[in-house]
Amino acid sequence: LISILLIYMLLASLFESYVQPLIILTSVPLALIGAIVALFLTGKPITMGVMVGAIMLAGIVASNAILLIGKVNQLREKKTSLNRSLVTAGCSRLRPILMTAACTELGLLPMGLSRGGSAALWSPLAMTVIGGLITGTVLTLLIIPGIYRIVEDIRSGAGRIFSKKAAAGEDTASDLT
């Protein structure tokens, strides 16, 4: 929980927003689903190594979502439409995100399949990261753009409501004078 709070604070200062870090951190529970399933399927116990692996997983999945949201923000600054920004960002960041995930998963695979003396510590850690990255990567690429779209729709809708109320308030104020 402390690592997620620290990631949130860092992202809030980086993106200068309170909402976009929440969108990014949505990928962490999505990744934890895969970690839990991987541990269940492999029969690995929940150990201190699993906790360390969950912290690693949170950082890796958050960095993938940062790549995606950062690209969307760049495109939005260039006055690209929201839908076009989301699709273009997904296409352009697909390969870096998949390469990061694949390299990490393949690098941890020997550790996850290990049966040696220290496997009791390292194998659950590796399986946590591998399982979490599989689901976290796929769901980050699919769900994070959708959440971004929903948040932007809510934001624009709220902006229209408040601008109508402000305009109505100005009319009544001018009638009083």
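Anyway, here's the lowdown on the structure attached to this text.

The rules behind the values
- Residues numbered from 1 in each chain as written.
- Predicted model: local features only at pLDDT ≥ 70, side-chain atom pairs only at ≥ 80, totals over all residues.
- Heavy atoms only, no water.
- Salt bridge = Lys/Arg side-chain N within 4 Å of Asp/Glu carboxyl O.
- Helix = DSSP H or I, 4+ residues; strand = E, 2+ residues; numbered from the N terminus.
- Buried < 20%, exposed > 50% of the residue type's maximum accessible area, 1.4 Å probe, protein only.
- Patch = residues over 30% accessible without salt bridge, like charges linked within 9 Å, V, L, I, M, F, W, Y side chains within 5 Å.
- Areas by Shrake-Rupley, 256 points an atom, 1.4 Å probe, with all protein chains shown as cover.
- Axes fitted to C-alpha atoms, helices over the stretch in contact; angles between N-to-C directions.
- Parallel < 35°, antiparallel > 145°, perpendicular 65-115°, else oblique.
- Left-handed = near helix turned anticlockwise from the far one by under 90°.
- Contact = heavy atoms within 4.5 Å.
- Nonpolar A, V, L, I, M, F, W, Y, C, P; charged D, E, K, R; others polar.
- Core = buried A, V, L, I, M, F, W, Y, C linked by side-chain atoms within 4.5 Å.

**Re the pattern of salt bridges**
Here is step 1: Considering all chains together, one arrives at 2 salt bridges under this definition.
Here is step 2: With a closest N to O distance of 3.1 Å, R149 and D153 form a salt bridge. Note that R149 and D153 are positioned in helix α6 (residues 119-176) at a spacing of 4 residues, about one turn of the helix.
Here is step 3: In this structure R149 comes out as partly exposed when scored by relative accessible area, which is 27%.

**A few points about a nonpolar patch on the surface**
Here is step 1: Among the surface-exposed residues, I46, M48, M51, V52 and M56 lie close enough to one another that they form a single nonpolar patch of about 510 Å² accessible area.
Here is step 2: Its location among the elements puts M48 in helix α4 (residues 48-77).
Here is step 3: On the basis of relative accessible area, M48 is assigned to the exposed category, the value being 63%.

**Description of the packing of α4 against helix α5 (residues 82-113)**
Here is step 1: Taken N-terminus to C-terminus, the directions of α4 and α5 make an angle of 155°; their axes are 8 Å apart at the nearest point. Considered as vectors, α4 and α5 are oriented roughly antiparallel to each other. Seen from above, α4 lies across α5 with right-handed handedness. Contacts between α4 and α5 involve I60, N64, L67, L68, K71, V72, Q74, L75 and R76 from the former and L82, S85, L86, T88, A89, G90, S92, R93, P96, I97, T100 and T104 from the latter.
Here is step 2: Split into classes, the residues belonging to the contact of α4 with α5 amount to 10 nonpolar, 8 polar and 3 charged.

**Details of the nonpolar core**
Here is step 1: Ranked by size, the top nonpolar core spans 23 residues in total, and within it I7, I23, I24, I69 and Y148 carry the most contacts.
Here is step 2: Elements supplying a minimum of two residues to this core: α1 (2-15), α2 (20-25), α4, α5 and α6.
Here is step 3: A per-element tally of this core places α4 first, with 7 residues.
Here is step 4: Among residues more than four places away in sequence, those in contact with I23 are I69, I144, I147, Y148 and V151.
Here is step 5: Grouped together as the second largest cluster of nonpolar side chains are 10 residues, A31, I60, L108 and A126 included.

**Side note on the side chain of S27**
Here is step 1: Along the chain, the position of S27 falls in helix α3 (residues 27-42).
Here is step 2: Beyond its immediate chain neighbours, meaning those up to four positions away, S27 contacts V61, A62, A65, T140 and I144.

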